Number of protein chains: 2
Amino acid sequence: MDSPDLSFGDFTLPGEAGHEQLTLRLAQQWGADTIRDSDGTQLSPAIVQSGHAIYSTLCLVRSVQPWAREHRDQLQQNFLMSFPVVAEKTQTTITLLAGYFTEQFSVNAKASPKRWWQVFDRTTGAEVPKARWRFNAPKGTVTIERTQAGHTYTVNFLAFRLWEEISMYNHLTNHWGDREHLAAVDPMQPATQKVLLTFLARWLTEHPDTNVVRFTSMFYNFAWFWGADHQRLRDVYSDWGDYAMTVSPRALVAFEKHAGYALCSEDFVHGGLYNSTHNAPSRRYRDYMAFVHDFVIKFGRQCIDLVHRHGKKAYVFYDDHWIGVEPTSPRFREFGFDGLIKCVFNAFEVRLCAHARGVATHELRLHPYLFPTGLKGEPTFKAGGNPTLDAKNFWIDARRGIVRAPIDRIGLGGYLSLVEPFPDFQQYITEVAREFRLLKSLHARGRPWTAPFKVAVLTAWGDLRAWTCSGHFTAGVQLYDVLESLAGLALDVQFISFDDLVAQGVPAGVEVVINGGRAGSAWSGGHCWADPRVEAILTHWVQRGGGVVGIGEPSAWPQPGRQFRLASVFGLDRDRGERLANGKFKFTKPAGIIGTHFITTDTPVGTALDLGHDTDGLFVLGAGTQVLAENNGSPRLTTHAFGRGRSVYLSGFKFTYNNTRLLHRALFWAASREDQWGVWQSENVRTEATWFAKAQKLVVLNNAGSPQHTVVTLADGSSRQKVALKAHGIAVLDV
Amino acid sequence: MDSPDLSFGDFTLPGEAGHEQLTLRLAQQWGADTIRDSDGTQLSPAIVQSGHAIYSTLCLVRSVQPWAREHRDQLQQNFLMSFPVVAEKTQTTITLLAGYFTEQFSVNAKASPKRWWQVFDRTTGAEVPKARWRFNAPKGTVTIERTQAGHTYTVNFLAFRLWEEISMYNHLTNHWGDREHLAAVDPMQPATQKVLLTFLARWLTEHPDTNVVRFTSMFYNFAWFWGADHQRLRDVYSDWGDYAMTVSPRALVAFEKHAGYALCSEDFVHGGLYNSTHNAPSRRYRDYMAFVHDFVIKFGRQCIDLVHRHGKKAYVFYDDHWIGVEPTSPRFREFGFDGLIKCVFNAFEVRLCAHARGVATHELRLHPYLFPTGLKGEPTFKAGGNPTLDAKNFWIDARRGIVRAPIDRIGLGGYLSLVEPFPDFQQYITEVAREFRLLKSLHARGRPWTAPFKVAVLTAWGDLRAWTCSGHFTAGVQLYDVLESLAGLALDVQFISFDDLVAQGVPAGVEVVINGGRAGSAWSGGHCWADPRVEAILTHWVQRGGGVVGIGEPSAWPQPGRQFRLASVFGLDRDRGERLANGKFKFTKPAGIIGTHFITTDTPVGTALDLGHDTDGLFVLGAGTQVLAENNGSPRLTTHAFGRGRSVYLSGFKFTYNNTRLLHRALFWAASREDQWGVWQSENVRTEATWFAKAQKLVVLNNAGSPQHTVVTLADGSSRQKVALKAHGIAVLDV
């Protein structure tokens, strides 16, 4: 292969005015071709005219504060549910914003409450007739007549948001005092659209040195409702994927015209659960998302076209105001973005970035950010911090994804001046940049080898939430851990929804379907399993030879006598207590983990499985279910042959290198492919091997912070290559 | 008071032929007025003519074996659900009894399958039209046409029972070889009724020395379905309260005539869950129970009248074939029984026996039974056993109930000859009999003092399952533990159903309602909470000053955004994962248990609460909820003021003396009666005090196996009486 230049390019450096010399020195040292500004930093003329490409950040909906101040009706809105009130008498008054942060919200008294709001008797579940309540605008209350003592009432109402959430969070976290509270305007309002386009045109003219406009992001932030008591209930509701903050009477009217039916407040409020990404979504809400996505694409496209007409590129940041952008949607390409930038903590986020189609450039923002402290307040670039070790640990996580899927650029963010006292950090980033360029050059020659079968992850969201759940890694959501394991494995993974499954069956080439998570969650599927076709399609597919790996509460949808729709396939079900009188088949208790099964071959005999928060109450249906691990009589790891196919069940999952290997083997076993196990496999679980066939290079990663030795099995399945690796190291071998 | 004779009477001794001398010596020593036979023992003429009253056991439905053998259509029946079968093709055949014990069951091929059976596609939940399946009687199979691959099918069918379950259990447990398999006939069949009455008349004539016919019990055993594989799945289904084994075409036809609507097989099968007492019952099933109860009373009354016409008394044993007898039903008195005999392990079973109205005599069969080994196979009357210590431990449990509620007689069962080598056991039973007679004499003067308010336990069953759940104490069912605590406390406890509550509200005098258990269970209430009136009545009652104590998942009935119907009352709810995006109010974490609260006053500060299997995922709604104990952020013990009333929440409950005190205090606090706490209260939690006001006697029990000291507060609430107690001891004081 040609020797690529590993010293320059594909690297974005955060510049900082007042530190021009450092900026330019590190740009040289790290091979940066691009310099960016960051929240809180400026670039000086010496930097922007240094010959580097320049990225400039821009959050449009926050950019027109005079307009926002003068036109409160143009602010973004959302439905809120008042905190529940229990009636004591026949008249009950509810203060709408009681419990909410009134610097964030104000009641929208302008749009007809009787048209848009709903009052519910939550005890009966029925809506209170509109004639039986009245809104008192000056007091911000709703008074309900003929209430029944002992019944609970709530009001769904529209609220304007006075303070944009990212501004609010940064302001309050960093104690910005009397700095202006920025508000976000709603681009669905025609007058605001014009203001924003005018602003953007002027901004583009005023930034001649900017090469790339980095949008942060488009127009609507993920849902984040704050409470009045910041110490004890700051986040009343917070979901990275909920479209709650796009709603307005205008949007609802337009939706009805578009979809042919009307939504009501309860479609958004849902008893206070709103539409959390973690819960299986309703069809109506999915329709609304598609409607908003369409709007964001159309108005976004106008903005991006304007950028292009000014000879600049448009990149979008994949966070904050990303609602409606949907980088993994098939329509994402319609925006015409040139690049997508994702900040990454983990391997799955790398895959998430790489997975977006319709942009030329996929760029990662690596951690640590150049801030004094990390996200949890731990020291980074200050006394007590070890930013180099942090960088190594973040890099080995991200690298697992980078080696599997092509990424175009990397970069950093924050205050560059903070790195000055850390020469070892400066040096390590030089190495990271070189490693990245090397891996990119291998991908450029051709995609790396993957197992001879495909794997599908089945969720309610399918590909729209591929390689993520909702925002950052969250403990207790098993799918994050599964994704983190999958992100670094030599597997061709796809994400399918229940709609996909019903429409087209299991995709061709897929030999294992993964399903799991909490019952009712979007990940396990919740009500999507109410459609009997889902059970029938998957069950019959396994009968004909398919494989299923279930985790936690796969296919859970309670019916009398059955919790898991695929109970017969797994040879196992869950008892939530209703089977107290039903006997349970006594399986043969394994002595610790059975290390002799194919799946547990690399798990030392006697090791206790650590699957995080285990699901309990499992029971097997008969002797056909082999229990490889159990706890207090509840199976934790089982295998089951069903028809010509197979299933594996895990009662939980936690990302560890041992569990990643266990999952990898479980997938091969479920696919009945265990005879093909081993090719391009690295023996030591703390290491991982990747074969770039076109480039004829074997890449071996050390995911550990200590030197490791391993042996990699080569293409013929028997030859073996010994490899020694430095801590956090990488080996690129000709074999 | 008069000095009662504590040396004689109210004691039933199991006699044993061949051991006449021992029988008569112990009858003398224990003051037995009555001698009984037992399963496996006979009484000889020397015993039955010794001048003692004689009890003879009789199980009518098992008593006419020649008739049963010759008339298989007169055997008892039930619905069974075939084990699920997944279709692979368009025709699917199910072997009905596959997986079941064929010595217990045979398919009822006589009653029209198309009329009585149902075939279900469990994947769609729909019944398969009768035209699409056919029964092959010789093969015992059902073949279903036009099945869909991947769908799961089951058949609900009628089966005769060839082997009566108690006979089967004893036979197989004790390896009785080729001894006859006894079958139970169905007294709902008119021909069988005649046979039984004829048999009974003859039996009564042939047993001139019998004074009391002890029925074991009436006609139908609790449900017990055995599997083919006795090692790995013996009990396919077993429930002490399920009426499953009363069903027959005749019963179903009669029910329809009686109730005006027809039941179908699925009303009994319920997807394989059947009608377990632990799950909230349907209205249809409750109607059926009432119908069977009516039949059992009517035919039972014929038998009892016959007994009375022979100048004998009729007692009924409260176990085995007790279905339809329902000793706590208001109709129980219609049988005309003279006595009820309950074998007891615990205090709550004593209360269960005492609670039955409509019999003159309430008799307890104490443990240990005179068998070589105990129920779990542990040695009792053989090498390694300590029957005296066993007797003491059983006695202190039963005594807690006896001191609270009047019992008329006690006795033993089994093989008397086994006690011969244990003179200390013989001596201890003498003491037990004296203690019992003393307590009975106190009750005879007047009921003991109770707190100045009543407590109601709210369940789906109400008073019909007062002082029990279903059969013996079962780990994991919190209400058993609650009942065991309540059984020994100076409280007036009643049991109410949701029907009672809706019809009449909370009964007069009740100041605290207890509700809890697993969501969906009969104890928590399950679907009974779907009726909004229940929530409204209780909530409004607490607003006006009532108190609620919730345990585990009280008032659980999932709605969007709310799990507990009484969430506002408790100031707390449960998140089963669907609230991942909803913030949770950060309560003040207690350091261990807060010992300064009234409820935890007797709990040493820093003690870890042991509540058994805790419910997790609890969260408080606001600052009004005081958390007294928590685990990993999930509250375990909370208090909440609501309106003029109060609530206490416990995330679990386990019967211990510490927890009994905690519950006792929680009830006083919830009733806002903490200022009246202390009267007739014994300080040491291992002891309990009872004041017999009429008799002017203070009884103090030592529930511990070691000597204890305590101090009892007297009637004025301030005077205190010191008491020293021997291990397992009792003190009866004039104060």
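The written sequence of each chain sets the order in which its residues are numbered from 1. Just so you know, chain letters begin at A and ligand numbers begin at 1, following the order they were written in. Totals for whole chains, interfaces and linings use every residue, but because this is a predicted model, local features are given only for residues with pLDDT of at least 70 and side-chain atom pairs only at 80 or more, for both listing and counting. As a rule here, side-chain values come from all non-hydrogen atoms in the structure, and water together with hydrogens is ignored.

A. Looking closely at the domain arrangement of chain A. All names here are of chain A. Split by domain assignment, chain A resolves into domain 1 (11-63 + 187-219 + 287-444), domain 2 (66-182 + 222-273), domain 3 (454-676) and domain 4 (687-733). Distance between the C-alpha centres of domain 2 and domain 3: 39 Å. Facing four residues of domain 2, the contacting portion of domain 3 comprises four residues. A carboxyl oxygen of Asp or Glu within 4 Å of a side-chain nitrogen of Lys or Arg is what we treat as a salt bridge. Connecting domain 2 to domain 3 are zero salt bridges. In protein, a polar contact means a hydrogen-donor-capable atom and an acceptor-capable atom, both N or O and within 3.5 Å, with residues adjacent in sequence counting only if both atoms are side-chain atoms; elsewhere, any N or O pair within 3.5 Å suffices. Along the contact surface separating domain 2 from domain 3 lie zero residue pairs in polar contact (both at pLDDT 80 or more). Segmentation of the chain into domains, including their bounds, is taken from an automatic or database domain assignment. Two residues qualify as a contact provided that any one of their heavy atoms is within 4.5 Å of a heavy atom in the partner residue.

B. Spotlight on the sheet that holds strand β16 (residues 313-317) of chain A. Residues and elements named next belong to chain A. Two strands are said to pair when DSSP picks up at least two bridges between them. Secondary structure elements are taken from DSSP: a helix is a run of H or I of four residues or more, a strand is a run of E of two residues or more, and numbering for both begins at the N terminus. In spatial order, the strands read β1-β2-β3-β13-β16-β17-β18-β19; together these eight strands close into a barrel with parallel pairing. Along the sheet, successive strands turn relative to each other by an average axial angle of 25°, direction set aside. Lines fitted to C-alpha atoms define the axes here, with helix axes fitted over just the stretch in contact, and angles between the N-to-C directions of these axes take values from 0 to 180 degrees. Most of the contacts of helix α1 (residues 20-30) go to strand β1 (residues 11-14), to which it runs at about 160°, and overall it touches β1 and β2 (34-36). Across the sheet, helix α9 (residues 283-309) touches β13 (212-215) and β16, and the angle it forms with β16 is around 140°.

C. Expanded view of the UniProt feature "domain: Lacto-N-biose phosphorylase C-terminal" (unreviewed entry) in chain A. UniProt positions are given in the numbering used here, feature names are shortened, and annotations may be inferred rather than shown by experiment. Here, UniProt's "domain: Lacto-N-biose phosphorylase C-terminal" (unreviewed entry) annotation points to residues 680-731 of chain A. Between the C-alpha atoms that bound residues 680-731 of chain A there is a distance of 14 Å. The span itself is 0% helix and 50% strand.

D. Structural view of the interface of chain B and chain A. Facing 56 residues of chain B, the contacting portion of chain A comprises 56 residues. Computed with a 1.4 Å rolling probe, the buried area is the accessible surface lost when two parts are put together, summed over both parts. Counting each side, the surface lost to burial between chain B and chain A is near 4,300 Å², with a carbon and sulfur contribution of 55%. Ranking the residues of chain B by area buried against chain A places B:Arg232, B:Leu273 and B:Ala581 at the top, with a combined share of 14%. Run the count over chain B and chain A and you get zero salt bridges. One can count 24 residue pairs in polar contact (both at pLDDT 80 or more) joining chain B with chain A. At the level of elements, β15 (235-239) and α15 (532-543) of chain B are the ones that each hand at least two residues to the side of chain B that touches chain A. For the side of chain B that touches chain A, the element with the highest residue contribution is α15(B), accounting for six residues. Looking at the side of chain B that touches chain A, its residues break down into 16 nonpolar, 24 polar and 16 charged. Residue polarity follows a fixed list, in which Ala, Val, Leu, Ile, Met, Phe, Trp, Tyr, Cys and Pro are nonpolar, Asp, Glu, Lys and Arg are charged, and the others, Gly among them, are polar.

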